[in-house]
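# Fold and contact review
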Amino acid sequence: MSEDKSPRHAAEPQAADVSEAQIAVHWPEEGYFSPPVQFIAQANLTDPGIFERFSLEHCPECFKEFADLLDWYKYWETTLDASNPPFWRWFVGGRLNACHNCVDRHLASHRNKTAIHFVPEPEDEAVQHLTYQELFVRVNELAALLRETFGLAVGDRVTLHMPMVPELPITMLACARLGVIHSQVFSGFSGKACADRIVDSGSRLLITMDAYHRAGDLLDHKEKADIAVAEAASAGHQIDKVLVWQRYPGKYSSPTALVDGRDVLVNDLLAKYRGRRVEPVQMPAEAPLFLMYTSGTTGRPKGCQHSTGGYLAYVTWTSRYIQDIHPEDVYWCMADIGWITGHSYIVYGPLSLAASSVVYEGVPTYPDPGRPWRIAEKLGVNIFHTSPTAIRALRRSGPDEPTKYQYHFKHMTTVGEPIEPEVWKWYHKVVGKGEAVIVDTWWQTENGGFLCSTVPAIHKMKPGSTGPGIPGIHPVIFDDDGHELPSGSGKAGNICIRNPWPGVLQTVWKDPDRYVKNYYARYCKDPKSKDWRDWPYLAGDGAMQAADGYFRILGRIDDVINVAGHRLGTKEIESAALLVPDVTEAAVVPVADEIKGKVPDLYVSLKPGLSPSPKIASKISASVVSRIGAIARPRRVVIVPDMPKTRSGKIMRRVLAAISNHQDPGDVSTLANPEIVEKIKGLAEGE
Ligand code: WTA
């Protein structure tokens, strides 16, 4: 890599496929920052020969190195079975158990080492330090309970709707021990959103918690379970049992009553299973480990199915070499376990490496923006992982707070959205105290783990760019016609991955056609081909590649809004608005937001004869919150007399997005109703 100053060429992205939902990032190219020598001296990966070992020619066999980080009951025979593209099967013939790899195998050397530091949100409540031994005991007892009292067995699905408490990884690991497929739904999602995922996955059991702390309140969480069960029932799906953990064992903290015969208190039942041990089930490498639902191009969230062997190998390798986790590290990823980041980089990756992983219950700025730095100081956190949204919020509310605390990070991660170079520099200088290396990791729910990132001890960092593909990942940018855009072209296109990798989703649950269509159809060179080289994976992001090979991610090319790093489908929000009988049409557009990156603006038109009122607007907003959750709450609901439309009747979201972002909507003369644009502008500005 060249010198520390790259040309500030500031190529404007000319996105090949800028959808209406995409707003490109326009900051200029930055100079490089070098990783600190102290970091390099202790890093797990310093050999640049790695890129040769993981070159495209060496795919897929190179991924043996990934699998070799795991314990196998039976070693696998075929690295990749690609005979039925794009349904990849990794490490075929192998048998393993994810729970064994994350818990049991560490007992010999790390029995009394902390596996999970649980930090409750109330600061006067003691931090709980769960050792690997305790984790082992609790996971076993729960696995025994799930198997014996509830009859769970290999291949069953169980929906979890749990907050950030140690019982969540315990429950996930107990499922994994039994070969049961867990489907954790983000606790901030509504009961209705939970019900959709229950119905799709076909789980008969819901595991939840009575209450949890968030921003100073003890929230009633159990009420969402009642809604979820009722909603699932109205969709014709029955939940047999609701297992309720207690935030304070022995004390029920929810005002919502338990339903007789259906709801059971896990903490009560567990007493019967004290000391019980359950042998981990020896699962085939390709057995599904979990489902994670995410938003996509159509209204319905898709259940991304992740495998046991490929996924675990992938998150273990990336945790070790990109996160640079050593067993003696104290690692804190501030994401929520309800998202893929938490699955891969709070639970499975760090625990597979016998690290100590911090689980923090609450919001980062509670009770004040010094909180994360006090936690880091107290626990000796040395690897820190968070999102640009959290970094922006902490910077705004406490720009000097980190300097007041005695902690030292060797490594920091950012994930989930593009990070502005200015925010990156604050993260580096103030949070990292200039001592930490930073990786800007780009990936998705579908991918299992990181796709693009610098290798922290090998590459220099460049603010605002994610970096090249990690070893074994070979990204390429295609224009709309399938031509490759070379690095340094200054043009944006659709980022794809040329080769399959072990962490990639196996399919969309119960919807293989959607899987093929969404991720592989677009640039498939020959649908009959049995050669994986003909099946590039379409990520759904616009991107450009600089001359140095680093990628810059520009945002989604599909109908997805990335709010505070969380994927929300515009169609999901629009359908929620359309549930209000007064609404005829709804259109959602992303608006740039200083803290959250993007927030949704909702435009609606009403049934003839109805006049706009704040009451209708708040009814619509409430419908979105109850259908999806508070994260989807529109910044505002603008009631318009009509939508801007093409002559064929398509709503021009691009025009609405321009209005919301105070940009020029461009030429609107080809619209069927160009006069509406000024009217909408007036209404939006009047808000
Ligand atoms: C975006 C989160 C820029 C991207 C792990 C992607 C990013 C979507 C980055 C996936 C990054 C993620 N820089 N954009 N470092 N990381 N994204 O499924 O648009 O919740 O497609 O997975 O977030 O979000 P998801």
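Above this note sits the structure.
Attention here is on the structure that accompanies the text. (Residues numbered from 1 in each chain as written. Predicted model: local features only at pLDDT ≥ 70, side-chain atom pairs only at ≥ 80, totals over all residues. Heavy atoms only, no water.)

## Regarding the pairing of strand β8 (residues 205-209)
Of all five residues making up β8, five are buried, and the element is well covered by its neighbours. Both faces of β8 are covered, namely the face carrying L205, I207 and M209 and the face carrying L206 and T208. Both strand β6 (residues 157-161) and β8 contribute to a ladder of three bridges, which runs parallel. The partner of L160 across the bridge, within β8, is I207. Where β8 lies against strand β11 (residues 241-245), five bridges are found, and the strand directions are parallel. When the bridges of β11 are listed, L205 appears paired with K241. (Buried < 20%, exposed > 50% of the residue type's maximum accessible area, 1.4 Å probe, protein only. Helix = DSSP H or I, 4+ residues; strand = E, 2+ residues; numbered from the N terminus. Pairing = 2+ DSSP bridges.)

## Thoughts on the site of the ligand
Inspection of the region around the ligand gives 17 residues, with D440, T441, T445, D541 and R556 positioned closest. One of the backbone nitrogen or oxygen atoms of T441 is found 2.7 Å away from a nitrogen atom of the ligand. One of the side-chain N or O atoms of T445 is found 2.5 Å from an oxygen atom in the ligand. For the ligand, whose accessible area on its own is 530 Å², the fraction buried by protein is 97%. Among the secondary structure elements, those contributing two or more residues to the shell around the ligand are α12 (340-352), β20 (437-441) and β25 (551-556). (Near = heavy atom within 4 Å. Polar contact = N/O pair within 3.5 Å; in protein donor to acceptor, adjacent residues only side chain to side chain. Areas by Shrake-Rupley, 256 points an atom, 1.4 Å probe, with all protein chains shown as cover.)

## Observations regarding the packing of aromatic side chains
Summed over the entire model, instances satisfying the criterion amount to 37 aromatic pairs. Taken together, a centroid distance of 4.1 Å and an interplanar angle of 15° make the contact between Y345 and F450 stacked. Placement of the pair is Y345 in helix α12 and F450 in the loop between β20 and β21 (475-478), with a sequence separation of 105 residues. Grouping residues by exposure puts Y345 and F450 together as buried. Judged by centre distance (5.8 Å) and plane angle (70°), the ring pair of Y520 and Y537 falls under edge-to-face. Taken together, the residues Y520 in the loop between α16 (512-519) and β24 (537-545) and Y537 in strand β24 connect sequence positions 17 residues apart. The pair Y520 / Y537 is uniform in exposure class, with both members buried. (Phe/Tyr/Trp six-rings, centres within 6.5 Å; stacked < 30°, edge-to-face > 60°.)

## Side note on the side chain of S344
Counting through the fold element by element, S344 comes out in helix α12. Among the polar contacts made by the side chain of S344, one reaches the main-chain carbonyl oxygen of G448 at a distance of 2.7 Å.

## Concerning the nonpolar core
Formed by 120 residues in total, the largest nonpolar core has its most connected members in W88, L135, L146 and Y348. By residue number, the principal contributor to this core is helix α6 (residues 132-148), which donates ten residues. Excluding residues that lie within four positions of it along the chain, L135 makes contacts with V103, A115, I116, L130, I170, L173 and L351. By size, the runner-up hydrophobic cluster in this structure holds 41 residues, among which are A232, W339, A564 and A632. (Core = buried A, V, L, I, M, F, W, Y, C linked by side-chain atoms within 4.5 Å. Contact = heavy atoms within 4.5 Å.)

## Concerning α16
Residues spaced three or four apart along an α-helix face the same direction, because each turn holds 3.6 residues. Along α16, the positions that sit buried rather than exposed are R514, Y515, N518 and Y519. Within α16, the buried residues cover an arc of 105° as seen down the axis, which keeps them to one side. Looking at α16, the residues exposed on the side facing more than 90 degrees away from the buried face are D513 and K517. Here the buried face of α16 lies against β15 (302-307), β23 (507-508) and β24. (Arc of directions from axis to C-beta.)

## Describing the pattern of salt bridges
One pass over the full model with this rule turns up 47 salt bridges. With its nearest N and O atoms 3.9 Å apart, the salt bridge here joins D71 to R105. Taken together, the residues D71 in the loop between α3 (64-67) and β1 (78-81) and R105 in the loop between α4 (98-102) and α5 (107-110) connect sequence positions 34 residues apart. Among the residues examined, R105 registers a relative accessible area of 23% and is labelled partly exposed. A salt bridge links E422 to R395; its shortest N-O distance comes to 2.8 Å. With E422 in helix α15 (residues 421-431) and R395 in helix α14 (residues 388-397), this pair connects stretches of sequence that are 27 residues apart. The exposure class assigned to R395 is partly exposed, which follows from its relative accessible area of 25%. Among the charged side chains, a network of salt bridges with common partners joins E29, K462, D548 and R552. (Salt bridge = Lys/Arg side-chain N within 4 Å of Asp/Glu carboxyl O.)

## Some points on the sheet that holds strand β22 (residues 493-497)
If you trace the four strands from one edge of the open sheet to the other, you get β21-β22-β24-β25, paired in antiparallel fashion. Each end of this open sheet is capped by a strand with a single partner; those strands are β21 and β25. Along the sheet, successive strands turn relative to each other by an average axial angle of 45°, direction set aside. Note that β22 and β24 share four bridges and pair antiparallel. By the bridge assignment for β24, G493 is matched with A543. (Axes fitted to C-alpha atoms, helices over the stretch in contact; angles between N-to-C directions.)

## What about the sheet that holds strand β28 (residues 583-593)?
Backbone hydrogen bonds are what pair the strands of a sheet, in a parallel or an antiparallel way. Read across the open sheet, the three strands follow the order β28-β29-β30; overall the sheet is mixed. Bordering the open sheet on either side are β28 and β30 (636-639), each of which pairs with just one other strand. For this sheet, the mean angle separating the axes of adjacent strands, direction not counted, is 25°. As paired elements, strand β29 (residues 597-606) and β30 share four bridges and run parallel to each other. What sits directly across from V604, in β30, is I639. The sheet strands contacting helix α18 (residues 614-627) are β28, β29 and β30, and the helix crosses β30 at an angle near 130°. The sheet strands contacting helix α19 (residues 653-660) are β28, β29 and β30, and the helix crosses β28 at an angle near 50°.

## Digging into the state of the cysteines
Going through the model one piece at a time under the given rule, you end up with zero disulfides. Free cysteine C194: the closest other cysteine sulfur is in C175, separated by 14 Å. (Disulfide = S-S within 2.5 Å.)

## Structural notes on the side chain of H385
Tracing the backbone through its elements, the reader meets H385 in strand β18 (residues 383-386). Reaching out from H385, the side chain makes a polar contact with the side chain of Y331 at a distance of 2.9 Å. Setting aside residues up to four positions removed in sequence, H385 forms contacts with Q323, Y331, W332, C333, M334, T341, Y345, T413, V415 and F450.

## Topic: helix α9 (residues 222-234)
With 13 residues, α9 should cover 18 Å at 1.5 Å per step; its first-to-last C-alpha distance of 19 Å lies within 8% of that length. Among the residues of α9, those classed as buried are K222, K224, A225, A228, V229 and A232. One side of α9 holds all its buried residues, which, seen down the axis, span an arc of 145°. On the buried face of α9, the contacting elements are β6, α8 (191-201), β8, β10 (217-220), β11 and β12 (263-265). Following α9 by one or two positions, G236 adopts a phi angle in the positive range, close to 85°. (Expected span 1.5 Å × (residues − 1).)

## A closer look at unusual backbone geometry
In this model, C59 is joined to P60 through a cis peptide bond whose omega is 0°. Note on placement: P60 falls in the loop between α2 (50-53) and α3. Within the chain, A215 stands out as a residue other than glycine whose phi angle is a positive 50°. Locating A215 in the fold gives a position in the loop between β9 (211-214) and β10.

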